[in-house]
Each structure stands twice: as C-alpha cells, then as structure tokens.
Amino acid sequence: MATRTPTPAVNAIVKVVETRSNDRVADLITYRSNNQNAVTLRDQRSSDTVMRDLQAGVHEVFGSSFGLRIRVGEEIGADAVMENATAAQLIMAAYLQEPWAAVRKVRLFDQDYRRIFNRHVTPERLWLLHIIESAVIKSRGQLRADLRASFASVKFTLVYLVAQVLRLSKAGELLLERPEDWIPKETEKVAAAIERIAIEVVDGVNYHVKDALSGDENYDPKVAFKSKTGVSRLETDVHRD
C-alpha cells in the first residue's frame, strides 16, 4: 500500500494547556481528553515522571533479573517482570494496608494513583512485594478448596496479612521500611522466612473461615475479604495464632 506524504498545505490542530506545576490538574486534563479513546488509564500513567523513574530505578538496581512493565505489551528483558497494575494492588494491600481496595482496579490509576505511586516506592520495595506475592502464590495449595477456587479475590488479603505479621516484630518492620538493607544481598533468606510466614497465615485464614462458617452457614469469605470489617476480624484471628 502506497504511503502518502502530507503536503505543506496540511494543518494539524494542537491543543496546549499550561498547568504550571499542578500535577493534579494535568492528570485531570489528560484523563478527560483521552478516556473516550482506547487508551487505558494505566497506559496514560506510563508517561508520568514517577512511573518512568521507578521503572528506570528497577532496571538500575536489578538489571535483567527483575523488571517493571508500565505499558501493556511493553517488552521487558528481565527474568521476572511485575506489571504496574499488579504493583499498584500490592502496594495498596501491603503498604497502604487496604487490601479491600486493591481489587478496585478502576481506582488504582485514577483517584488513588498519587497515594500509591510516589517517591516512597523504591525498586527494593517492589522486589520485596514480589517476594511476598510469590510466597502467597506458593502457599495457595494449603488453602481451603473454596478459597483456592477464588484465589484472585483473596490473594491481596493474604499479602496484607503477611505484611501485618512482619509488622509484629522490629526486624519485620525494618524489612518493610528499608528492604534495601537485605535485598538483593539476602534475597534467599528473606524469601524463605516469608514463605514460612505465608504458610502460617494460610493456616490462620483456614481456621477463621471454618469457625465463621460454623456460626453462620451463609458466611462468604469472598465477600468478607472485600470489606474492612471482614478483614479486621480475620486479622485478629491470624494475630492470635
């Protein structure tokens, strides 16, 4: 098919809006201007300075062992790749401590974006979240059958609970706050410890659901785990164990 070259008579309409340093206004203009097209909010955020810097930082620290994908279909030459959508959910669950909000995907790159992606998110924190997620996935086989079947609905609650158990000790708190003191140098030891915690968390979750069902046959963990009240009750039992 022949390619047509535009003639000098062709005019292109360009809209320029000066927002100075107000990122929130720039975000709103970008969203309102593009949400009628097949451009997702996630892809729009790929041009955000914080997102680009985070991706570059991950590459600088981990090279080809770990990468962050910030656009759908983007080629990342790394052994392990985290989607920024997954990163948003994990940050919401483990660091913002709101696992019930992690499943609300529409909000993650809209209303909650600046809460999630900021300068507090480091490459090492993303790698720690990857380790926690991997441990939770590995422990899936120990879950009750009904929870295994709805794993996508409960995974981020489990991630949250593992992080909360870490917060019970000073060492765990420091790991969450300053993972660079252990990662990547002590990655294997950190992963092994978190895998043990994940298994204990799963045992606590199984017991909680069994106990809840014995008192209310209509109890549905998929619903309970999506509410702050339901997660708080679950957390109390896990901490007790």
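Bear in mind that the values here come from a model prediction, so they are computed numbers and not experimental data.

Asks: Looking at this structure, how should I read the nonpolar core?
Replies: One recurring pattern in soluble globular proteins: nonpolar side chains tend to sit buried together. Counting 67 residues, the largest nonpolar core has F117, L126, L128, I194, V205 and F225 as its most contacted members. Those residues in contact with L126, other than ones at most four positions away along the chain, are L54, V58, F66, L68, M82, A87, I91 and V121.

Asks: I'm lost on unusual backbone geometry in this one. Help?
Replies: Most of the time, phi is negative for any residue but glycine, and the peptide bond is trans. Following I183, the chain continues into P184 via a peptide bond in cis, with omega recorded as 5°. Looking at the secondary structure, you find P184 in the loop between helix 11 (170-177) and helix 12 (187-215). Despite not being glycine, Q97 has its phi angle at roughly 60°, a positive value. In this fold, Q97 is placed in the loop between helix 4 (84-94) and helix 5 (99-102).

Asks: What is the right way to read the packing of aromatic side chains from this model?
Replies: Describing an aromatic ring pair means giving the distance of the ring centres and the angle of the ring planes. For the coordinates displayed, the defined rule picks out six aromatic pairs. Note on F62 and W127: the rings are 5.5 Å apart at their centroids and 40° apart in plane angle, and the pair reads as tilted. A residue pair is termed long-range when its members are at least 10 positions apart, and F62 in helix 3 (residues 49-62) and W127 in helix 8 (residues 123-138) qualify at 65 residues. For the residue pair F62 and W127, the accessibility class agrees, reading buried in each case. Joined through ring pairs, the aromatic side chains of F62, F66 and W127 make up one cluster. Across the ring face of Y113, the terminal group of R45 is positioned such that the distance to the ring centre comes to 4.1 Å.

Asks: Looking at this structure, I do not really get helix 3. What am I missing?
Replies: Residue pairs three or four apart in sequence face the same way in an α-helix, which turns once every 3.6 residues. Between its first and last C-alpha atoms helix 3 spans 20 Å; for 14 residues at 1.5 Å apiece the expected length is 20 Å, and the two agree. Those residues of helix 3 that sit buried are V50, M51, L54, Q55, G57, V58 and F62. Looking down the long axis of helix 3, one finds its buried residues gathered within 160° of arc, a one-sided arrangement. Along helix 3, the residues that are exposed and aim more than 90 degrees away from the buried face are H59 and E60. Looking at the buried positions of helix 3, the neighbouring elements they touch are strand 1 (66-69), helix 4, helix 7 (113-116) and helix 8. By the N-cap criterion, in which a side-chain oxygen at the helix start approaches the backbone nitrogen of a residue two or three places on, helix 3 is capped by D48, the distance to V50 being 3.2 Å. Positive backbone phi, at 60°, marks G63, one or two positions downstream of helix 3.

The rules behind these values
- Residues numbered from 1 in each chain as written.
- Predicted model: local features only at pLDDT ≥ 70, side-chain atom pairs only at ≥ 80, totals over all residues.
- Heavy atoms only, no water.
- Core = buried A, V, L, I, M, F, W, Y, C linked by side-chain atoms within 4.5 Å.
- Buried < 20%, exposed > 50% of the residue type's maximum accessible area, 1.4 Å probe, protein only.
- Contact = heavy atoms within 4.5 Å.
- Helix = DSSP H or I, 4+ residues; strand = E, 2+ residues; numbered from the N terminus.
- Phe/Tyr/Trp six-rings, centres within 6.5 Å; stacked < 30°, edge-to-face > 60°.
- Lys NZ or Arg CZ within 6 Å of the ring centre and 35° of its normal.
- Expected span 1.5 Å × (residues − 1).
- Arc of directions from axis to C-beta.
- Polar contact = N/O pair within 3.5 Å; in protein donor to acceptor, adjacent residues only side chain to side chain.

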